[in-house]
Each structure stands twice: as C-alpha cells, then as structure tokens.
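# Close look at the chain arrangement
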Amino acid sequence: MISDFKIVLEKISNIFFTKRCEFCGEVIEFDKTVCGDCLFLPVNKPPYCIYCGLSKDKCNCDKHKNEYKQVIAPYLYQDSVKRAVLNFKSAYMPFLSKRFGADIAKCITENYFMEFDMVTYTPLSKKSLRKRDYNQAYLLAREVSKRLDIPLVDLLIKVRKTDEQKTLSAQKRKTNVYGAFDLKDKDIVFGKRILLIDDVKTTGSTLNECAKMLNIYGAESVWAATLAVAVPKEKGDRK
C-alpha cells in the first residue's frame with residue numbers, strides 16, 4: 001500500500017514539475033535542458049571491447065566468450081549516469097526513456113553495421129513489473145525500435161524467481177539467473193539476427209542468459225546494447 005501511494009505521489013510530482021533534466025530527470029530551470037551534473041556525462045568512448053563492452057582504454061576483461069556476439073553502450077555506469085538510471089528505474093521517471101533510447105540508437109547506428117530482424121529486451125518478473133509499473137528495458141527497446149525502424153518483438157519471459165542482481169557477486173549473479181528465462185514463441189527466432197536491449201550491463205549475466213535462450217531456439221546471432229556499462233573494480237571482475 002505504501003509503495004502504491006509513493007508511485008502516485010511520484011506521478012503527480014512528475015506532472016507538475018515538468019521542466020526536468022532530459023537525462024537524469026532532476027528539476028531544472030526553465031531555460032535549461034540538462035542539469036549541471038549532466039553537462040559532462042561519463043562517456044564510454046569507442047572502439048569497444050566486444051567481450052565486456054568497455055572502451056579499449058578501460059577494458060581489463062579476461063576475454064570470456066559470451067552468448068551474444070558483442071555488447072555496446074554509450075555511457076559508463078558512474079556519477080550522473082548512475083543517478084539517472086536509478087531515477088529511471090526507481091523514481092517513476094519513464095519519460096527518460098526517450099533520451100536514453102535515442103542515445104542507445106545512435107550508438108547502435110555508429111557501431112553495428114548490419115540489419116536486424118527484430119529488437120527485444122530483458123524481461124521482468126510479474127511481481128517486479130507490478131511494483132515498478134513498467135519495464136525500463138522495454139521502454140528503451142521501444143524507443144530504439146522507433147528510431148531505427150526495427151520490429152519490436154516481445155520474445156522473453158521470466159520463468160523463475162531470482163534475487164536482486166545488485167546484491168550479488170559476479171559469480172552469484174551468473175548462478176542467480178541460470179534457467180530464469182524462456183521464450184514466449186519458440187519458432188519465431190529461428191534464423192533471425194536479434195538486437196537485445198537492457199539498461200545497464202554490469203557482469204553481463206542477465207544479457208548472457210537471455211541471449212543463450214535465443215540461441216538455443218535457433219537465432220542466427222544476438223547482439224546486445226545498453227545505456228551504460230559498469231567498470232569492474234578488479235581485472236576479471238565481470239558482470
């Protein structure tokens with residue numbers, strides 16, 4: 001009940017305080033488009049490592065092969081970007097998907113020189129969806145679909161309860177999502193080149209498990225894109 005009341009208050013707040021930073025959602029002056037903190041966003045500069053998604057100067061991964069061919073992201077999950085993602089997911093600011101989706105679409109256009117048959121996204125459990133009122137990955141994928149004219153297809157479902165990934169170590173994240181996803185339609189992905197969208201790539205466990213299911217049912221290839229990618233604290237600390 002308290003959670004529902006909080007969502008209602010946040011919705012009312014977002015209606016009346018309409019002049020917000022287009023990136024993080026914080027209230028700003030009417031002659032501004034972004035807040036001071038978002039003037040200098042932590043950008044993830046190409047070329048990107050195909051394994052971890054970080055720019056070459058920040059990559060320290062162990063080149064572990066993934067189920068997806070490559071992952072790219074325009075930003076690093078730090079500072080104002082981290083705050084923006086948390087606002088997007090937890091402060092009822094679905095409108096941020098317009099700017100975020102545009103940035104992801106631009107990154108895709110500049111780095112993936114191929115045509116995709118469809119775009120899809122990482123799913124939420126029914127409980128999480130009810131609590132948040134929307135799936136942020138779906139909103140991003142929808143924006144990417146519109147901007148790049150790629151059909152948006154609702155492919156993946158979550159079939160098993162998992163703990164929150166943010167509370168777990170890299171190894172436990174992988175175990176946590178093992179077998180947690182399946183496909184709604186197991187025939188539609190055969191021979192297709194699929195673009196998989198999520199908000200943040202930390203260890204890559206969720207993306208990898210989703211891509212694995214798409215591959216199992218015959219996808220030609222899966223390519224991933226997120227808004228941001230986390231920088232490991234230590235070499236080999238992958239998400």
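This text goes with the structure placed above it.
About the cut-offs
- Residues numbered from 1 in each chain as written.
- Predicted model: local features only at pLDDT ≥ 70, side-chain atom pairs only at ≥ 80, totals over all residues.
- Heavy atoms only, no water.
- Helix = DSSP H or I, 4+ residues; strand = E, 2+ residues; numbered from the N terminus.
- Expected span 1.5 Å × (residues − 1).
- Contact = heavy atoms within 4.5 Å.
- Buried < 20%, exposed > 50% of the residue type's maximum accessible area, 1.4 Å probe, protein only.
- Pairing = 2+ DSSP bridges.
- Salt bridge = Lys/Arg side-chain N within 4 Å of Asp/Glu carboxyl O.
- Axes fitted to C-alpha atoms, helices over the stretch in contact; angles between N-to-C directions.
- Parallel < 35°, antiparallel > 145°, perpendicular 65-115°, else oblique.
- Left-handed = near helix turned anticlockwise from the far one by under 90°.
- Phe/Tyr/Trp six-rings, centres within 6.5 Å; stacked < 30°, edge-to-face > 60°.

### A few points about helix H3 (residues 97–111)
The end-to-end C-alpha separation of H3 is 21 Å, in line with the 21 Å expected for 15 residues at 1.5 Å each. Looking at the packing, one finds that the buried side of H3 touches strand E1 (71–72), strand E2 (75–76), helix H2 (79–90), helix H5 (136–148), strand E6 (193–201) and strand E7 (221–229).

### Quick notes on the side chain of Ser-221
Relative to the helices and strands, Ser-221 resides in strand E7. What Ser-221 contacts, discounting residues up to four positions off in sequence, is Lys-69, Lys-192, Arg-193 and Ile-194.

### A word on the pairing of strand E3 (residues 118–121)
Side chains Met-118 and Thr-120 of E3 all project onto a buried face; the interleaved residues Val-119 and Tyr-121 project onto the opposite face, where all are buried too. As judged from the four bridges shared by E3 and E6, these two strands associate in the parallel manner. Bridge pairing links Thr-120 to Leu-196 in E6.

### Considering the pattern of salt bridges
Within this structure, the stated rule accounts for ten salt bridges. As a salt-bridge pair, Asp-103 and Arg-99 come within 2.8 Å of each other at their nearest N and O atoms. Note that Asp-103 and Arg-99 are positioned in helix H3 at a spacing of four residues, about one turn of the helix. We note that Asp-103, like Arg-99, is buried. With a shortest N-O distance of 3.0 Å, Lys-212 and Glu-209 are connected by a salt bridge. One end of the pair is Lys-212 and the other is Glu-209, both in helix H7 (residues 205–216) and three residues apart, which spans about a single turn. Residue Lys-212 shares its accessibility class with Glu-209, and that shared class is buried. Sharing partners across several salt bridges, the network here consists of Glu-22, Arg-99 and Asp-103.

### Description of the packing of H3 against H5
Direction vectors running N to C along H3 and H5 enclose 55°, while the axes themselves pass 8 Å from each other. Judged on the interaxial angle alone, H5 and H3 are oblique. H3 and H5 meet at a crossing whose hand is right-handed. In this structure, H3 contributes Ser-97, Lys-98, Phe-100, Gly-101, Ala-102, Ile-104, Ala-105, Ile-108 and Thr-109 to the contact, and H5 contributes Leu-139, Leu-140, Glu-143, Val-144, Arg-147 and Leu-148.

### Some details on the side chain of Gln-70
Along the polypeptide, Gln-70 turns up in the loop between helix H1 (2–16) and E1. A relative accessible area of 14% places Gln-70 in the buried class. With sequence-adjacent residues up to four places away left out, Gln-70 is seen in contact with Tyr-48, Ile-50, Tyr-112, Val-222, Trp-223 and Ala-224.

### Observations concerning the packing of aromatic side chains
Throughout the structure, instances matching the rule amount to eight aromatic pairs. Judged by centre distance (5.0 Å) and plane angle (65°), the ring pair of Phe-23 and Phe-100 falls under edge-to-face. With Phe-23 in the loop between H1 and E1 and Phe-100 in helix H3, this residue pair connects regions lying 77 residues apart in the sequence. Residue classification places Phe-23 among the buried residues on the basis of a relative accessible area of 0%.

### Details of H2
Over its twelve residues, H2 extends 17 Å from the first C-alpha to the last, a length consistent with the 16 Å expected when each residue adds 1.5 Å. Where H2 is buried, its residues meet E2, H3, H5, E6 and E7. Where H2 terminates, the next one or two residues include Tyr-92, which has phi positive at roughly 50°.

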